[in-house]
Amino acid sequence: MMSRATTRQVAVLVIAGLTVWASGACNVQRLVVRTSSPVFGRSLGVLQSYGDPDLARQAAPALLVLLEGLLAADPDHPALLALLAQGLYEHTFAFVDEPARAASDPGVAAAGRQRARAQYLKVYELGLRLLRRSGVRITLQRSPLTELRRAIAGADRRAVPGLVWTAVGAGSAALTALDEPWLLDMASKVPVLLERAAALQPGYANGLSHAALALFWARDSGIGGSALRSRAHFEQ
């Protein structure tokens, strides 16, 4: 029979062994996730190329759930964060937001807009996580415009996915709820992020920063729009 001291030593060794095993398993899990992310990037590209919208609508949720599961295993993986943000934005725009705008039933339209807003805000949060990974810590709700400009002035190309998805998520959410002042305030800061992203990497996500800026400035001049600025970004 083991003495109390020996039992204590064995317990310590078992706990230490389990800790090392868990750490190793976690590292292996993250290795698998990180080596798999390029495959899921290509899968998203294949999904975008589907000629059958119904097939894409049915396939997209499974891919998004899978990406969320992988991200849960490696929460700070920048490629997975960017893939999920892009996939969630494109799915929401095509299969939630657009049908809500086209709906003739006011109740269906309102429910669709509410769902789209929630998804776009999730894209915004993913964008903020990406920015934090690149060393930029902001929130559009609380960061004054001057502070925002200062925070992103030193950003490099690593910050581009975060800049784009933070901006696009916030701006798209605002368009679903034009009566929400806090969302409109966030949307007013979107061009600052997009301009910086366009300057650093204009071709990211097929030139999404320029396309979004073109739409932003296409507003009526009475509410701050600019036809010249809009045309300049459309031509990029």
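The following refers to the structure shown. (Residues numbered from 1 in each chain as written. Predicted model: local features only at pLDDT ≥ 70, side-chain atom pairs only at ≥ 80, totals over all residues. Heavy atoms only, no water.)

### Overview of unusual backbone geometry
Point 1. Although it is not a glycine, Ala-205 adopts a positive phi angle of roughly 55 degrees.
Point 2. Residue placement: Ala-205 occurs in helix 9 (residues 204-217).
Point 3. For Ala-205, a relative accessible area of 25% translates into the label partly exposed.
Point 4. At Asn-206, a position not held by glycine, the phi torsion is positive, near 60 degrees. (Helix = DSSP H or I, 4+ residues; strand = E, 2+ residues; numbered from the N terminus. Buried < 20%, exposed > 50% of the residue type's maximum accessible area, 1.4 Å probe, protein only.)

### Here's the deal with the layout of surface pockets
Point 1. If you add up the space inside the largest pocket, you get close to 630 Å³.
Point 2. Contributing to the lining of the largest pocket are 25 residues, with Gly-171, Ser-172, Leu-175, Leu-215 and Phe-216 lying nearest its centre.
Point 3. Mapped onto the lining of the largest pocket, the elements with two or more residues apiece are helix 3 (78-102), helix 6 (160-175), helix 7 (181-187), helix 8 (190-200) and helix 9.
Point 4. For the lining of the largest pocket, the element with the highest residue contribution is helix 6, accounting for 6 residues.
Point 5. Counted by class, the lining of the largest pocket contains 18 nonpolar, 3 polar and 4 charged residues. (1 Å grid on protein atoms, 1.4 Å probe; cavity = no way out; pocket = protein on both sides within 12 Å on 5 of 7 lines; lining within 4 Å. Points joined across faces, edges and corners; volume = space filled by probe spheres on them. Nonpolar A, V, L, I, M, F, W, Y, C, P; charged D, E, K, R; others polar.)

It is worth stressing that arrangement in space is one thing and function is another; only the former is reported here.
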